[in-house]
Amino acid sequence: MYADSGHWTEAYMLRREFIAGAATFALSAGPLRARAQQSAARRTRIGVLIYSTPERDPNTQALLEGIRQLGYVDGQNVTIEYRYAQGRPERLPELATELVQSKPDVIFALGGDVMSHVAKATQVIPVVYAMSADPVQLGIAKSLAKPGGNSTGVTFLSDQLAAKRLETFKEAAPRIARVALVRDASHADNELPIAERAAKVLKLELLPVGIHDPAELDRTLETAKESGIDSLYVVSSRHTVGNAQRIVEFANRQRMPLVAGWGAWVQAGGLISYGPNVTEMIRQASRHLDAVLKGANPGDLPVQQPTRFELFVNLKTAKALGIDIPESFLLRADKVIE
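What you see is a predicted model; the values in this text were computed from it and never measured. (Residues numbered from 1 in each chain as written. Predicted model: local features only at pLDDT ≥ 70, side-chain atom pairs only at ≥ 80, totals over all residues. Heavy atoms only, no water.)

What exactly am I supposed to notice about the packing of aromatic side chains here?
How two aromatic rings sit relative to each other is given by the distance of their centres and the angle of their planes. Per the stated rule, a full pass over the model turns up two aromatic pairs. For the pair Phe 156 and Trp 262, a centre-to-centre distance of 5.4 Å together with 80° between the ring planes defines the contact as edge-to-face. Taken together, the residues span a long stretch of sequence, with Phe 156 in the loop between strand S5 (151-155) and helix H5 (162-172) and Trp 262 in the loop between strand S9 (258-260) and helix H10 (263-267) at a distance of 106 residues. Residue classification places Phe 156 among the buried positions, given a relative accessible area of 2%. Note on Trp 262: relative accessible area 8%, which makes it buried. Summarising the aromatic geometry, the rings of Tyr 274 and Phe 309 are spaced 6.1 Å apart at their centres and angled 35° between planes, so their arrangement reads as tilted. (Phe/Tyr/Trp six-rings, centres within 6.5 Å; stacked < 30°, edge-to-face > 60°. Helix = DSSP H or I, 4+ residues; strand = E, 2+ residues; numbered from the N terminus. Buried < 20%, exposed > 50% of the residue type's maximum accessible area, 1.4 Å probe, protein only.)

Dropping the structure here:
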C-alpha cells in the first residue's frame, strides 16, 4: 500500500511540474505571439501612385532613398503598396480609387497629373505629393504656407520659372524665333500663359503643341515641324518625362535646340534645362511623409518650394547643332555635359 502510495505521490508531483511548466511556457509564449501579431498589425502602410512604373519612374528611387534615410525600410517596418498606370493616364482615376480603398496610412502622389485624381478619391487619408506646378493655382492647396485639407508636399514651381527658362534659352541659342511649347494637354499647369507673356517680351513666336497618346507623339511633332518651328520648349509632366528620350531624339534629329525643366532632359541630350534639383525635392517630400506618419496634420505642414535652381548645358549637343554658347554662359552653369 505504501509503495503504491509512493508511486502515486511521485506521479502526482511530476504531473504538477508538467502543468506548471506548460503554464509558464504559455505565459511566456503568449506575449511573444501577441507582440508579433501587434508588430505585424502596426506596420505602416504607404500607398504610392505613379504615372509610369516604379522601375521606369526616375523619382521612385529618390523617394525610397529618402524614406530609408529616415528609418523606413519596405518589408521591415513599412509596407509600400504601388499602383501604377504604365503610362496610360486613363487608368489613373481607377487606380487612385483602388489605392484609397486599400486604406493605407498615407498616400504619396508623384506628379500633379497624378495628385489631381488622388484629391478626388479621398479627402480623409493623408496625402503627400510632389508636383511641378503650383498646387494653389491647381486648387489643391489653400496656400503654400498652410495648405489645409488632407494634403501637403513639394512644388517645383516649374510654371513660375517659365519666363526665366525661356529667357535663358534665348540667351543660349540667340537664333531661335519660333518655339514649339510641347506639353501634355491634360496636364494641369500654368506654364503656357506665363511663357506666352515672356515670349512677347523676347520677341519670340510661341506655338503650343499638345501631346496626348504616346503613339501619336512622332506625328504630332512632325506636324509642328511643318508649321516652321525652329526649337522646342518642353513642359515637364509625367507624360512628357516618360517620353523624354523620344522628344529629345526628335529635336536633335531635326537640329532643333531644346529647353526643359530640369537636369534629366539635358542628360538625355537636350540643349539646356533650368529648374530645381528634383531628387532633393523628392527627399523633402519624404520628410513630409515622415512627419505625417508621426502624427502631423498634413494641412498644417507648409508646401515646400525649391530655394536653388540649376542650369544644365549639354555642350556636346550644342556643338552638334552648330550653336556657339558663350563662355560666360557656361561659367554660370551648374553642370556642363561635354
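Still more ground to cover, so stick around.
Can you help me understand the sheet that holds strand S2 (residues 78-84) in this one?
The strands that make up a sheet pair up through hydrogen bonds in the backbone, lying either parallel or antiparallel. Spatial strand order, S2-S1-S3-S4-S5: five strands in an open sheet with parallel pairing. Only two strands of the sheet have a single partner each, and these edge strands are S2 and S5. When strand polarity is set aside, the average angle formed by the axes of neighbouring strands in this sheet is 20°. Across seven bridges, strand S1 (residues 44-50) lies against S2 in parallel orientation. Bridging across to S2, Ile 46 finds its partner in Ile 80. The sheet strands contacting helix H2 (residues 60-69) are S1, S2 and strand S3 (106-110), and the helix crosses S2 at an angle near 165°. (Pairing = 2+ DSSP bridges. Axes fitted to C-alpha atoms, helices over the stretch in contact; angles between N-to-C directions. Contact = heavy atoms within 4.5 Å.)

Explain the pairing of strand S11 (residues 310-314) here, please?
Of all five residues that make up S11, five are buried, and the element is covered over most of its length. Along S11, one buried face is formed by Glu 310, Phe 312 and Asn 314 and the opposite face, lined by Leu 311 and Val 313, is buried too. In terms of strand pairing, strand S10 (residues 272-275) meets S11 through four bridges, oriented antiparallel. Looking across to S11, one finds that Gly 275 is bridged to Glu 310.

When you look at the sheet that holds S9 in this model, what are you seeing that I'm missing?
The seven strands lie next to each other as S7-S6-S8-S9-S10-S11-S12, forming an open sheet whose pairing is mixed. The open sheet has two free edges, formed respectively by strand S7 (205-211) and strand S12 (335-337), since each of these has just one partner strand. Between one strand axis and the next, the sheet turns through 20° on average, direction left out of account. In this sheet, S9 lies alongside strand S8 (residues 231-234) in parallel orientation, the contact comprising two bridges. Counterpart to Tyr 233 in the pairing with S9 is Val 259. Sitting on the sheet, H5 is in contact with strand S6 (178-184), S8, S9, S10 and S11, with an inclination near 155° to S10. On the sheet, helix H7 (residues 217-226) packs against S6, S7 and S8 and is oriented at approximately 160° with respect to S7.

Honestly, the side chain of Asp 184 in this entry has me stumped. Any pointers?
Note on placement: Asp 184 falls in strand S6. Summary of buried charges: Asp 184 has no salt-bridge partner, and the nearest side chain of opposite charge, Arg 183, is 7.2 Å away. (Lys, Arg positive; Asp, Glu negative; His and termini not counted. Salt bridge = Lys/Arg side-chain N within 4 Å of Asp/Glu carboxyl O.)

Just checking my understanding: could you explain H5 for this structure?
Two residues of an α-helix separated by three or four positions point the same way, owing to the 3.6 residues in each turn. Those residues of H5 not exposed but buried are Ala 162, Arg 165, Leu 166, Thr 168, Phe 169 and Ala 172. Across the axial projection of H5, the buried residues extend over an arc of 160°, all falling on one side. (Arc of directions from axis to C-beta.)

Would you explain the pattern of salt bridges in this entry?
A side chain with one charge may pair with a side chain of the opposite charge, provided their charged atoms come close. With the rule as written, the count across this model stands at 15 salt bridges. Here Arg 45 makes a salt bridge to Glu 81, at a shortest N to O gap of 2.8 Å. Of this pair, Arg 45 sits in strand S1 while Glu 81 sits in strand S2; the two residues are 36 residues apart in sequence, bridging distant segments of the chain. Glu 216 is the salt-bridge partner of Arg 219, the closest N and O atoms lying 3.1 Å from each other. For Arg 219, a relative accessible area of 57% translates into the label exposed.

I would appreciate a short explanation of helix H6 (residues 191-201) in the present structure.
Looking only at H6, the buried set comprises Glu 191, Leu 192, Ile 194, Ala 195, Ala 198 and Ala 199. Taken end-on, H6 shows its buried residues confined to a sector of 160°, consistent with a single buried face. Within H6, the exposed residues directed more than 90 degrees away from the buried face are Arg 197, Lys 200 and Val 201. Elements that come into contact with the buried residues of H6 comprise H5, S6, S7 and S8. Downstream of H6 by a residue or two, Lys 203 has a phi angle that is positive, lying close to 60°.

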